[in-house]
Amino acid sequence: MMTKQVRYEALVKALHGDLYRYAYWLCHEKQVAEDLVQETFLRAWRALDSLKDEKAAKSWLITILRRENARRFERKRFDMSEYEEASITDTKSVTTEQELENHWLREKISQLPPEYSEPLILQVLGGFSGEDIAAMLDLNKNTVMTRLFRARNQLKEALEAEPVKRGMYNG
């Protein structure tokens, strides 16, 4: 049987990239994503003995990361009342058609209710199955599959109602 440190180092090496990508998707800030991943691995170290099945490590770590991200908002209250959403501008320069489409898609996914966007992100970015997502979100598999279907349909309807124009963003 592997020692705790060897198990931990293997987890970090194998899953750091996936966790960082998911964290960045959640917060859209490099430094915050790095902090989330670091906190996730710190909590994983403390609870490593509770991980019995190595095959479940990725979903276990994603669950820890999701909870750590939620804790961020429990600790911090944002007062955005002085800003109107329309006055907040995107400072990123978009140069290619693919970047335009990616930006549009990220925006539309972020506008989905969390019960639809979260399973979709876990499936698309994390590569998790409906069964894995159900376990992570503490839901029935059929509920997850319904939410994935509805999320995709809402994105499809948004695309049909507001197609991304070549070379021009209609956000």
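Every residue gets a number counted from 1 within its own chain, in the order that chain's sequence is written. Given that this is a predicted model, residues contribute local features only at a pLDDT of at least 70 and side-chain atom pairs are listed and counted only at 80 or more, while totals for whole chains, interfaces and linings are drawn from all residues. The side-chain figures draw on all heavy atoms in the structure; neither hydrogens nor water molecules are used.

- Per an unreviewed UniProt entry, the protein chain goes by RNA polymerase sigma factor and derives from Colwellia demingiae.
- UniProt positions are given in the numbering used here, feature names are shortened, and annotations may be inferred rather than shown by experiment. Per UniProt, the protein chain carries the Sequence similarities (unreviewed entry) text "Belongs to the sigma-70 factor family. ECF subfamily."

### Details of the confidence of the model for the protein chain
- Across the protein chain, the average pLDDT comes to 82, with 81% of residues at 70 or higher.
- In this model, residues 166-171 is a region of pLDDT below 50 whose contacts with residues beyond four sequence positions or in other chains number 12 contacts. On a range of 0 to 100, pLDDT expresses the predictor's confidence in each residue. Two residues qualify as a contact provided that any one of their heavy atoms is within 4.5 Å of a heavy atom in the partner residue.

### Let's talk about the pattern of salt bridges
- Salt bridge, as used here, is a side-chain nitrogen of Lys or Arg placed within 4 Å of a carboxyl oxygen of Asp or Glu. Applying the stated criterion across every chain, the model contains seven salt bridges.
- A salt bridge links Arg21 to Asp18, with the shortest nitrogen-to-oxygen separation between them at 2.3 Å. With a gap of three residues between them, Arg21 and Asp18 both fall in helix 1 (residues 4-27), about one helical turn apart.
- Each residue is assigned to one of three classes by its accessible area relative to the maximum for its type, calculated with a 1.4 Å probe on protein chains only: buried under 20%, partly exposed between the two thresholds, exposed over 50%. Take Asp18: its relative accessible area is 25%, and that puts it in the partly exposed class.
- A salt bridge links Glu34 to Lys30; the shortest N-O distance between them is 3.1 Å. Here the residue Glu34 and the residue Lys30 both occupy positions in helix 2 (residues 30-47), the gap between them amounting to four residues, near one helical turn.
- Beyond isolated ion pairs, a larger network of salt bridges with shared partners links Asp18, Arg21 and Lys58. What counts as a helix is a DSSP run of H or I of at least four residues, what counts as a strand is a run of E of at least two, and both are numbered from the N terminus.

### So, the environment of Ile109
- Positionally, Ile109 belongs in helix 4 (residues 97-111).
- In this structure the C-alpha to C-alpha distance between Ile109 and Ile121, which are 12 residues apart in sequence, comes to 8.5 Å.
- In this structure, Ile109 is in contact with Trp25, Ser117, Leu120, Ile121 and Leu155, ignoring residues within four places of it in sequence.

### Considerations on helix 6 (residues 130-137)
- Within the sequence span of helix 6, burial applies to Gly130, Ile133, Ala134, Met136 and Leu137. The arc that holds every buried residue of helix 6, seen down its axis, measures 165 degrees, which confines them to one face. Along helix 6, the residues that are exposed and aim more than 90 degrees away from the buried face are Glu131 and Ala135.
- Two residues or fewer past helix 6, Asp138 is found with a positive phi of approximately 55 degrees. The arc in question is the one traced by the directions running from the helix axis out to the C-beta atoms.

### Let's talk about the packing of helix 5 (residues 114-124) against helix 6
- Each axis is a line fitted through C-alpha atoms, taken for helices only over the stretch in contact, and angles between the N-to-C directions span 0 to 180 degrees. Direction vectors running N to C along helix 5 and helix 6 enclose 130 degrees, while the axes themselves pass 10 Å from each other. The orientation of helix 5 relative to helix 6 falls into the category oblique. The two elements helix 5 and helix 6 meet at a crossing, and its hand is right-handed. Where helix 5 approaches helix 6, its residues Glu118, Pro119, Leu122 and Gln123 are matched on the opposing element by Ile133, Met136 and Leu137.
- When residues are grouped by polarity, Ala, Val, Leu, Ile, Met, Phe, Trp, Tyr, Cys and Pro land in nonpolar, Asp, Glu, Lys and Arg in charged, and all others, Gly among them, in polar. Per-class residue counts for the contact of helix 5 with helix 6 are five nonpolar, one polar and one charged. Just so you know how the angles are binned, under 35 degrees is roughly parallel, over 145 roughly antiparallel, 65 to 115 roughly perpendicular, and the rest oblique. Rotating anticlockwise by less than a right angle from the far helix to the near helix defines a left-handed crossing, while the corresponding clockwise rotation defines a right-handed one.

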